Amino acid sequence: DFAIGNPPYQENVENREEQPPVYHLFYDASFAISPRVTLISPARFLFDAGKTPSEWNKKMLKDEHLKVAAYYPNSREVFPSVEIKGGVAIIYRDALMNYGAIDQFIPNDVVRTILNKVMLDSFKPLASIVFSNTSYKYSELFYAENKDFSARVSGGSSRYLSSSAFDKFPEVFLENAPQEGQYAKIIGRKDNQRRFFYFKEEYLNPPDNYEKYKVFMSSSNGSGTFGEALTPPFLGFPKDGATETFISIGNFDSKNEASNLIKYITTKFLRLLLSTKKVTQGNKNNKVWTNVPLQDFTDQSDINWNVSVDEIDRQLYKKYGLDSKEIDFIESHVKEMK
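The rules behind each value
Residues numbered from 1 in each chain as written. Predicted model: local features only at pLDDT ≥ 70, side-chain atom pairs only at ≥ 80, totals over all residues. Heavy atoms only, no water. Helix = DSSP H or I, 4+ residues; strand = E, 2+ residues; numbered from the N terminus. Buried < 20%, exposed > 50% of the residue type's maximum accessible area, 1.4 Å probe, protein only. 1 Å grid on protein atoms, 1.4 Å probe; cavity = no way out; pocket = protein on both sides within 12 Å on 5 of 7 lines; lining within 4 Å. Points joined across faces, edges and corners; volume = space filled by probe spheres on them. Nonpolar A, V, L, I, M, F, W, Y, C, P; charged D, E, K, R; others polar. Phe/Tyr/Trp six-rings, centres within 6.5 Å; stacked < 30°, edge-to-face > 60°. Lys NZ or Arg CZ within 6 Å of the ring centre and 35° of its normal.

> Quick question: what am I supposed to make of unusual backbone geometry here?
Among all residues except glycine, the phi angle is most often negative; among peptide bonds, the trans geometry is most common. Not every positive phi belongs to a glycine, and D48 is a case in point at roughly 50°. Mapped onto the secondary structure, D48 falls in the loop between β2 (36-42) and α2 (54-62). A relative accessible area of 11% places D48 in the buried class.

> When you look at the layout of surface pockets in this model, what are you seeing that I'm missing?
If a probe the size of a water molecule is rolled over the atoms, the empty space left behind becomes visible. Volume-wise, the largest pocket comes out at about 1,600 Å³. Along the walls of the largest pocket sit 49 residues, with E18, K51, S220, Q281 and K284 positioned nearest its centre. For the lining of the largest pocket, the secondary structure elements donating two or more residues are α2 and β7 (183-190). A breakdown of the residues in the lining of the largest pocket according to their chemical character gives ten nonpolar, 22 polar and 17 charged. Estimated volume of the second largest pocket: approximately 510 Å³.

> So what exactly am I meant to see when it comes to the packing of aromatic side chains here?
The relative placement of two aromatic rings is captured by the distance of their centres and the angle of their planes. Scanning the model with the defined rule gives 35 aromatic pairs in all. Through pairs of rings, three or more aromatic residues link up here, namely Y138, F142, Y143, F149, F166, F169, F173, F197, F199 and Y203. The ring of F234 has R194 lying over it, and the distance from NZ or CZ to the ring centre is 3.7 Å.

Below, the structure is given as structure tokens:
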């Protein structure tokens, strides 16, 4: 009559930093053998986050027979010796009952009302100008002119500028730009420090914002704690690129627009909405930015960007019609960024 359990959460693959999840397979198997199932598992899938397939996440969120019986954002409340990013959830499914689809899991009622006010018909997501951490890729010429390079890398590291690119290919990532030829400035990390090296443009297959102003942010940022402060973003200039250590946001004609975006990212308003999707340190793609509204960052904006971040927050609260209870929640639950 029932399938009840705490399934294994991930495989243990040798020499692999991020272990692949398996708990979603146990959900599917349990649903196949019983009409009533309750399992405890990582909750990341409820936010369409983590390593479980996005299509599976969406299938679960659309399942009208499924509901969240309990959610613990701090996994140590359940498993004292284990930290599980994104918390854990107890899921109940009854094939004979219709609970209505979860669609978007927002565990806090105040946050849900704020999001409803933000996501009106005119809503456009900031996600539309977010470029993932694998956007800067190698061109075909890169390997054609350097025949032995392909033996140094495998998997994704052979396609895009991985975090280890500076160490893997020291011959072509140069500290000083040569006098002849066109070179990109690639930002990454080396020896535990942010560094940049020059790289032949011909070897690069860049995204659309390569020749524009943009903002760079660490692709692993914070821990996923609700309302946390983030590692500060920084300005990217035309012909700046990055390894997978960073994502880029924006495709701007002016430095001023990119600077205004940095102020926006620093607001408490944005980081509250970001926390509705970002429940781990992962900041690698645009999915976590889908609940954040895009703003006009030009001088014609309905937001005056030439004031303090606190004052920008107050403008955003007014723009989206937040009441005093909602404003107090943001001010008390979202940390200030310097």
